[in-house]
Amino acid sequence: QKEVEQNSGPLSVPEGAIASLNCTYSDRGSQSFFWYRQYSGKSPELIMSIYSNGDKEDGRFTAQLNKASQYVSLLIRDSQPSDSATYLCAVNLRDTGRRALTFGSGTRLQVQP
Amino acid sequence: GAVVSQHPSRVICKSGTSVKIECRSLDFQATTMFWYRQFPKKSLMLMATSNEGSKATYEQGVEKDKFLINHASLTLSTLTVTSAHPEDSSFYICSASRGQGIGEQFFGPGTRLTVL
């Protein structure tokens, strides 16, 4: 089992729709969770961080965390073509014993105009 | 806040030369910096973790003698690719975190290295 798992996509949604990106992780003791956006040829950009169970909203983005299910998701409302990118889920896995985040392989999102 | 710069953004060099890449945290003190490489359409691969004033911790399979990391201050880390070869051509990205806890990592813009 991969430590941080994401569907590679592409996930294709029409403009204005809600895009739902999912991520599962292996270590139940993990405490810190992040979503990054990476445009082609660019470096990752932090979008959201979440530490507690439940929802966290920031503008059009909502991160959802369910530690019991070891599941974190990102919802993008009113999707725009400019949201087309690869979205990386990152988790600090406690069982690795290190400070570095463990990244999923990313989900490519395509928003169709 | 939390801006990380990298220099150079792009470098082309001949095989056998060494290339130094700088990573700076501009508006915060980075207790830890990380170096990644990324091949086209692939995920980030962590190369090493460095803390200011101590030796870097390299990931399995990363040659420490080939990829020299120096974290001289709380705002500067450097990665030197020694005796570069075409297979070292990649996108190298640094990130930095602040504080002692497990917080966000802020990424630099990356350096695209092409070895001829």
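What this report covers is the structure whose coordinates are included nearby. Keep in mind that what you see is a predicted model, and the values were worked out from it rather than measured.

## Some details on the interface of chain B and chain A
Here is step 1: With 27 residues of chain B at the interface, the matching set in chain A holds 20 residues.
Here is step 2: Roughly 1600 Å² is buried in total at the junction of chain B and chain A, and carbon and sulfur atoms are behind 55% of that figure.
Here is step 3: Linking chain B with chain A are 0 salt bridges, by the criterion used here.
Here is step 4: For the pair chain B and chain A, the number of links is 3 residue pairs in polar contact (both at pLDDT 80 or more).
Here is step 5: Sorting the residues of the side of chain B that touches chain A by element identifies β4 (32-38), β5 (45-51), β9 (90-97) and β10 (106-107) of chain B as the ones contributing at least two each.
Here is step 6: When residues of the side of chain B that touches chain A are assigned to their parent elements, the largest contribution, 4 residues, is made by β4 of chain B.
Here is step 7: A per-class count over the side of chain B that touches chain A returns 10 nonpolar, 14 polar and 3 charged.

## A word on the sheet that holds strand β8 (residues 76-81) of chain B
Residues and elements named next belong to chain B.
Here is step 1: One open sheet holds the 4 strands; their spatial order is β1-β3-β8-β7, and the pairing between them is antiparallel. In this open sheet, the two strands that pair with only one neighbour each are β1 (4-7) and β7 (67-73). Geometrically, the sheet is characterised by an average inter-axis angle of 15 degrees between neighbouring strands, direction not taken into account.
Here is step 2: Examined bridge by bridge, strand β3 (residues 19-25) and β8 share 6 bridges and lie antiparallel to one another. Note on β8: the bridge partner recorded for Glu22 is Thr78.

## Topic: the state of the cysteines
Residues and elements named next belong to chain B.
Here is step 1: Going through the model one piece at a time under the given rule, you end up with 2 disulfides over all chains.
Here is step 2: Shown here is the disulfide that connects Cys23 with Cys94, its sulfur atoms set 2.0 Å apart. In this structure the cystine formed by Cys23 and Cys94 twists about its S-S bond by roughly 80 degrees; its chirality is therefore right-handed. In this pair, Cys23 sits in strand β3 while Cys94 sits in strand β9, placing the two residues 71 residues apart along the sequence. Here the two residues Cys23 and Cys94 agree in accessibility, since each one is buried.
Here is step 3: Free of any disulfide, Cys13 has its nearest cysteine sulfur in Cys94, 18 Å distant.
Here is step 4: Residue classification places Cys13 among the buried positions, given a relative accessible area of 9%.

## What to know about the side chain of Ser50 of chain B
All names here are of chain B.
Here is step 1: Turning to its location among the elements, Ser50 is positioned in strand β5.
Here is step 2: A polar atom in the side chain of Ser50 sits 2.9 Å from the side chain of His71.
Here is step 3: In contact with Ser50, not counting residues within four places along its chain, are Thr31, Thr32, Met33, Ala56, Ile69, His71 and Ser77.

## A word on the environment of Leu109 of chain A
Residue and element names in this part refer to chain A.
Here is step 1: Here Leu109 is to be found in strand β11 (residues 107-112).
Here is step 2: On a C-alpha basis, the gap between Leu109 and Ser69 in space is 24 Å, while along the polypeptide they are 40 residues apart.
Here is step 3: In this structure Leu109 touches Leu11, Val13, Ala19, Ile76, Asp83, Ser84, Ala85 and Tyr87, once residues within four positions along its chain are discounted.

## Thoughts on unusual backbone geometry
Here is step 1: A cis amide bond links Gly9 of chain A with the next residue in sequence, Pro10 of chain A, at an omega value of 10 degrees.
Here is step 2: Within the secondary structure, Pro10 of chain A sits in the loop between β1 (4-5) and β2 (11-14).
Here is step 3: Look at the link from His7 of chain B to Pro8 of chain B: it is a cis peptide, with omega at 0 degrees.
Here is step 4: Here Pro8 of chain B shows up in the loop between β1 and β2 (10-13).
Here is step 5: Although it is not a glycine, Gln70 of chain A sits at a positive phi angle of roughly 55 degrees.
Here is step 6: Within the fold, Gln70 of chain A resides in the loop between β7 (61-66) and β8 (71-76).
Here is step 7: Backbone geometry at Ser83 of chain B places phi at a positive 45 degrees, although glycine is not the residue there.

Conventions we followed
Residues numbered from 1 in each chain as written. Chains lettered and ligands numbered in written order. Predicted model: local features only at pLDDT ≥ 70, side-chain atom pairs only at ≥ 80, totals over all residues. Heavy atoms only, no water. Contact = heavy atoms within 4.5 Å. Buried area = accessible area lost by both parts, 1.4 Å probe. Salt bridge = Lys/Arg side-chain N within 4 Å of Asp/Glu carboxyl O. Polar contact = N/O pair within 3.5 Å; in protein donor to acceptor, adjacent residues only side chain to side chain. Helix = DSSP H or I, 4+ residues; strand = E, 2+ residues; numbered from the N terminus. Nonpolar A, V, L, I, M, F, W, Y, C, P; charged D, E, K, R; others polar. Pairing = 2+ DSSP bridges. Axes fitted to C-alpha atoms, helices over the stretch in contact; angles between N-to-C directions. Disulfide = S-S within 2.5 Å. Buried < 20%, exposed > 50% of the residue type's maximum accessible area, 1.4 Å probe, protein only.

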